[in-house]
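Okay, here's what each chain looks like letter by letter:
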Amino acid sequence: MITLNKRELRLLKEYMGHHGWNDLLVSHRNTDTLYNSNADAVKRYGGLRPKFKMTSGEIDNFRKKIGI
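Within each chain, residue numbers correspond to sequence positions counted from 1 in written order. Per-residue local features of the predicted model are confined to residues with pLDDT of at least 70, and side-chain atom pairs are confined, for both listing and counting, to 80 or more; whole-chain, interface and lining totals are unaffected and use all residues. Side-chain measures were taken over the full set of non-hydrogen atoms in the model, leaving aside hydrogen atoms and water.

(A) Focus on the side chain of His-28. Secondary structure elements are defined from DSSP: runs of H or I of at least 4 residues count as helices, runs of E of at least 2 residues count as strands, and each element is numbered from the N terminus. Turning to its location among the elements, His-28 is positioned in the loop between helix H2 (21–27) and helix H3 (40–45). Pairs of N or O atoms are called polar contacts if they sit within 3.5 Å, as long as, within protein, a hydrogen donor faces a hydrogen acceptor (for residues adjacent in sequence, only side-chain-to-side-chain pairs). Looking at His-28, its side chain comes within polar contact range of the side chain of Ser-27, at 3.1 Å. There is a polar contact of 3.3 Å between the side chain of His-28 and the side chain of Lys-51.

(B) Representation of the environment of Thr-33 within the structure. Residue position: Thr-33 is located in the loop between H2 and H3. Taking the C-alpha atoms as reference, Thr-33 lies 27 Å from Lys-64; in sequence the two are 31 residues apart.

(C) Region of interest: the packing of aromatic side chains. Here the aromatic set is Phe, Tyr and Trp, taking the six-membered ring for Trp, and pairing holds for ring centres within 6.5 Å; pairs whose planes are under 30 degrees apart are stacked, those over 60 apart are edge-to-face, and all others are tilted. For the structure shown, the criterion picks out one aromatic pair. When the centroid spacing of 6.3 Å and the interplanar angle of 50° are considered together, the rings of Tyr-15 and Trp-21 count as tilted. Remark: exposure states derive from per-residue accessible area (1.4 Å probe, protein chains only) relative to the maximum for the residue type, with buried under 20%, exposed over 50%, and partly exposed in between. Classification of Trp-21 by relative accessible area gives buried; the value is 8%.

What follows is the structure in C-alpha cells.
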C-alpha cells in the first residue's frame with residue numbers, strides 16, 4: 001500500500017494528465033529563482049519544485065513510491 005501526502009497527490013494528478021515524466025517537466029517551465037537556468041536541479045525537476053512546494057528529495061521519494 002502506498003501512502004501519499006496532499007502535495008504528492010496533487011503532483012500525481014498532474015502527472016496522470018501527461019504521457020510521461022519528461023512531458024510533465026516540459027509543460028512546467030522553471031520559474032524558480034533559486035537556481036540559474038542551466039543548473040542540474042532545473043534539468044531534473046523543471047518548475048515542479050516551486051509549483052508543488054516540494055523539495056528535490058520529496059520529488060525523488062514520490063517518484064520512487066509510484067515507480068517512475
